[in-house]
Amino acid sequence: MKPTTLFTGLGIGALVASPSLQVNGQNTNQRPNIVFILADDLGWSDLECYGSSFHETPNLNALAEQGVRFTDAYAACHVSSPTRGSILTGQYPARTHLTDWLPGRKDFPFQRLKNVYSAQHLPYEENNTFASVLKSKGYKTAIIGKWHLGEDSLTTERQGFDMHIPYGYLKGWPARSYFPPYNMPGLKDGPQDEYLTDRMTDEAIKFMQENKDKPFFLYLSHYAVHDPIEGRPDLVAKYEKKLASMPKPKGPDFILEGNPDDEHPISRADLDCMIETDAFKGFKILPKRTVKIKQHQDNVQFAAMVESVDESVGRVQAALKELGLDKNTIVVFCSDNGGMSAANFGNPGRIVPKDRLDKSFSTSNLPLRGAKGFNYEGGIRVPLIVKWPQKGVSNVVNSVPVMSIDFYPTLLEMVGIKTSTLNHTMDGTSLVPLLTNDKKANTPLGKRALYWHFPHYSNHGMQSPGGAIRLGDYKLLDYLENNTVQLFNLKNDLGEQHDLAQEMPEKAQELKAMLDQWRKDVHAEMPQINPDYKPDANPADFNTRKAPVKK
């Protein structure tokens, strides 16, 4: 599919060996600006340029033509806070011990293991977040939108940001709605028909206008497309009309996903048969630790939310051009984890009514398996587009595996700050060779291993705590209740349906040993046996929550 280009006058396709004082009338003598746009819960296949045939994203299609689109980009975690921490620190969540969404999953008697206590904010003692480093070099820094990295009152300031809107509101989702009244400290209500995503974009553009004569770092961290699933009415109407004109998609609306770490794991064939029985008709935590996964992109409210984020990208790009900053501004677009194809059962007794499914199951991640809350590709593989005017290549698709830990060293190198001068441990690797298409330097990046560590039970599935490693085409998932492993060849099996662990035991052992050693190297905390575990406990019986206690 050829992406649609809206901003044909940006002129970013050609490479320039080095920036001069004036480029097309624009001052490029100062360090480049950085605009980092982060969507929340946006799946890998939710954009047109990543294969969606329902959601329309012309501005992101255009951005992909102006830069590099990564096909194998990963979030450091399948839930929000750990990934966001990895972006700002360049470190794995296992190293910072911020490994779950904040404040974190509660413990229940049906869990064989206890959730590890997750740190409640990024480390303050180092004070070497990406924003802090840029601020020390003269950048104006702002976060517009979602923080979700701690709720102590000065957290954004202590992590290097000059300003935060909405200042004082630090949770990871809208307080009430995407429409006023927002009920967010630090954000005055606009007109009754104002939309939160549009308002965040307004504030972002205002920041750029006020700081156009100095280098700035704008972290536009949208609440969208996180629930509540509420689209702007004009766009909802558009997608209602579009959906009505489309043929009904083939295949089931939902499938079952079980826990491969059970003593007797359920095969895909058996899961497909079970979903047809009365015991598995509902939308809740189902028998045998199964949950349902959405299979089609047909949610009109969610589609409207996706297009609102796309409009935001277009408005930011247009504002940069109007301000004369587009030739000296790096633009990054990414998501913090995979799409919400599985409902949130942080309250284990929750039952989703059939007339509210679109509020709880937002999208489909196909052809990827799983969803937000899973270590399968649907939970961790995300869209990533990077535009580097004058120096980076354009209209390039790159398949080298990369991760959110890589933004820190990459962006600092792009603006000319040497990471060797920082007293800071970095797990990430600079992606500059991929952005300049330096094929010789690409080779080491393609050969490194990427790791995940999630010592918790997820709100979105019933799988055991565990981790994963990807090395080349192979990915191993490691579960911690019964020490089960799964091995997949992603080149041949993107949907992770053919487990090779028994067919290739040596490869499984190799990757498992690497994962175990990495856990030791980063001092990863491991879950312990739950002393309150009751094997016969029914999740539906537990509607009260007890917070984990730090030891």
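Quick look at the structure, then. Given the structure is predicted, the values throughout are model-derived calculations rather than measurements.

1. Thoughts on the overall build of the protein
Reasoning step 1: A tally of regular secondary structure across the protein gives 15 helices and 17 strands.
Reasoning step 2: Computed over the C-alpha atoms, the radius of gyration of the protein is 22 Å, within 12% of the 24 Å expected from 2.2 N^0.38 for a compact globule of 551 residues.
Reasoning step 3: Looking at the protein residue by residue over its 551 residues, the buried ones come to 62%.
Reasoning step 4: Relative to all contacts within the protein whose residues are 6 or more apart in sequence, the contacts with residues 24 or more apart total 72%.
Reasoning step 5: With an accessible surface of roughly 21,500 Å², the protein has 51% of that area assigned to carbon and sulfur atoms.
Reasoning step 6: Of the side chains in the protein, 63 bear a positive and 65 a negative charge, and the two mean positions are spaced by 3 Å.

2. What about the sheet that holds strand E16 (residues 474-479)?
Reasoning step 1: Judged by pairing direction, the sheet is antiparallel, and its four strands sit side by side in the order E14-E15-E16-E17 without closing on themselves. Of all the strands in the sheet, the pair left with one neighbour each is strand E14 (449-454) and strand E17 (485-489). Between one strand axis and the next, the sheet turns through 10° on average, direction left out of account.
Reasoning step 2: Judged from the five bridges that link them, E16 and E17 form a sheet pairing that is antiparallel. Within the sheet, the bridge partner assigned to Leu477 lies in E17 and is Gln486.

3. Observations concerning the packing of aromatic side chains
By convention here, two paired aromatic rings are described through the distance between centres and the angle between planes.
Reasoning step 1: Under the defined criterion, the tally for this structure stands at 25 aromatic pairs.
Reasoning step 2: Judged by centre distance (6.3 Å) and plane angle (5°), the ring pair of Phe217 and Tyr219 falls under stacked.
Reasoning step 3: For Tyr219, a relative accessible area of 2% gives the class buried.
Reasoning step 4: By way of ring pairs, the aromatic residues Phe36, Phe130, Trp147, Phe161, Phe217, Tyr219, Phe407 and Tyr408 are connected into one cluster.
Reasoning step 5: Cation over ring: Arg381 sits above Trp44, and NZ or CZ is 5.5 Å from the ring centre.

4. Describing the pattern of salt bridges
Reasoning step 1: Counted according to the given criterion, the structure contains 37 salt bridges.
Reasoning step 2: Note that Glu151 and Lys171 form a salt bridge whose closest N and O atoms lie 3.3 Å from each other. Of the two residues, Glu151 sits in the loop between strand E5 (140-145) and helix H5 (155-158) while Lys171 sits in the loop between strand E6 (163-165) and helix H6 (196-210), which places them 20 residues apart along the sequence.
Reasoning step 3: One salt bridge connects Asp516 with Arg519, and the closest N-O pair in it is separated by 3.3 Å. Here Asp516 pairs with Arg519, and both are found in helix H15 (residues 505-521), just three residues apart, close to one helical turn.
Reasoning step 4: A relative accessible area of 27% places Asp516 in the partly exposed class.
Reasoning step 5: Each of the salt bridges in this network shares a partner with another, and the network as a whole consists of Asp72, Glu377, Arg381, Arg470, Lys475 and Glu496.

5. What to know about the pairing of E16
Reasoning step 1: Counting buried positions along E16 yields six of six residues, so the element is predominantly enclosed.
Reasoning step 2: Residues Tyr474, Leu476 and Asp478 point to one face of E16 and Lys475, Leu477 and Tyr479 to the other, with burial holding for every one of them.
Reasoning step 3: Linking strand E15 (residues 466-471) back to E16 in an antiparallel pair, the connection comprises two residues, with Gly472 at a positive phi of about 65°.
Reasoning step 4: Linking two consecutive strands that pair antiparallel, namely E16 and E17, is a turn of five residues; a positive phi of about 60° is found at Asn483 within it.

6. Here's the deal with the packing of helix H1 (residues 58-66) against helix H9 (residues 300-322)
Reasoning step 1: Across the interface, H1 lies against H9 with an axial gap of 7 Å and an inter-helix angle of 55°. The orientation of H1 with respect to H9, classified from their angle, is oblique. In contact with Pro58, Asn59, Leu60, Leu63 and Gln66 of H1, H9 contributes Asp310, Glu311, Val313, Gly314 and Gln317.
Reasoning step 2: Here the residues of the contact of H1 with H9 sort into four nonpolar, four polar and two charged.

7. Focus: the side chain of Asp107
Reasoning step 1: With respect to the helices, strands and loops of the structure, Asp107 is situated in the loop between helix H3 (93-96) and helix H4 (130-136).
Reasoning step 2: In this structure Asp107 comes out as buried when scored by relative accessible area, which is 12%.
Reasoning step 3: Here the side chain of Asp107 touches Gln111 through a polar contact of 3.1 Å, side chain to side chain.

8. Remarks on the state of the cysteines
Reasoning step 1: For the structure shown, the criterion picks out zero disulfides.
Reasoning step 2: Between Cys77, a free cysteine, and Cys334, which holds the nearest cysteine sulfur, the sulfur-to-sulfur gap is 14 Å.

9. Some details on the environment of Cys49
Reasoning step 1: Within the secondary structure, Cys49 sits in the loop between strand E3 (33-39) and H1.
Reasoning step 2: With a relative accessible area of 8%, Cys49 lands in the buried category.
Reasoning step 3: Cys49 sits 167 residues away from Phe216 along the chain, and the two C-alpha atoms are 28 Å apart.

10. So, unusual backbone geometry
Most peptide bonds are trans, and most residues other than glycine sit at a negative phi.
Reasoning step 1: For the peptide bond that leads from Leu102 to Pro103, omega is 5°, which places it in the cis range.
Reasoning step 2: Following the sequence through the fold, Pro103 ends up in the loop between H3 and H4.
Reasoning step 3: Of note, the bond from Ala224 into Val225 is cis; its omega dihedral lies within 30 degrees of zero at 10°.
Reasoning step 4: Among the structural elements, Val225 can be located in the loop between strand E7 (216-221) and helix H7 (233-245).
Reasoning step 5: For Arg289, which is not a glycine, the phi torsion comes out positive at approximately 55°.
Reasoning step 6: Inspection of the secondary structure assignment puts Arg289 in the loop between helix H8 (268-274) and strand E9 (291-294).

Calculation notes
Residues numbered from 1 in each chain as written. Predicted model: local features only at pLDDT ≥ 70, side-chain atom pairs only at ≥ 80, totals over all residues. Heavy atoms only, no water. Helix = DSSP H or I, 4+ residues; strand = E, 2+ residues; numbered from the N terminus. Rg over C-alpha atoms; globule rule 2.2 N^0.38 Å. Buried < 20%, exposed > 50% of the residue type's maximum accessible area, 1.4 Å probe, protein only. Contact = heavy atoms within 4.5 Å. Areas by Shrake-Rupley, 256 points an atom, 1.4 Å probe, with all protein chains shown as cover. Lys, Arg positive; Asp, Glu negative; His and termini not counted. Charge placed at Lys NZ, Arg CZ, Asp CG, Glu CD. Pairing = 2+ DSSP bridges. Axes fitted to C-alpha atoms, helices over the stretch in contact; angles between N-to-C directions. Phe/Tyr/Trp six-rings, centres within 6.5 Å; stacked < 30°, edge-to-face > 60°. Lys NZ or Arg CZ within 6 Å of the ring centre and 35° of its normal. Salt bridge = Lys/Arg side-chain N within 4 Å of Asp/Glu carboxyl O. Parallel < 35°, antiparallel > 145°, perpendicular 65-115°, else oblique. Nonpolar A, V, L, I, M, F, W, Y, C, P; charged D, E, K, R; others polar. Polar contact = N/O pair within 3.5 Å; in protein donor to acceptor, adjacent residues only side chain to side chain. Disulfide = S-S within 2.5 Å.

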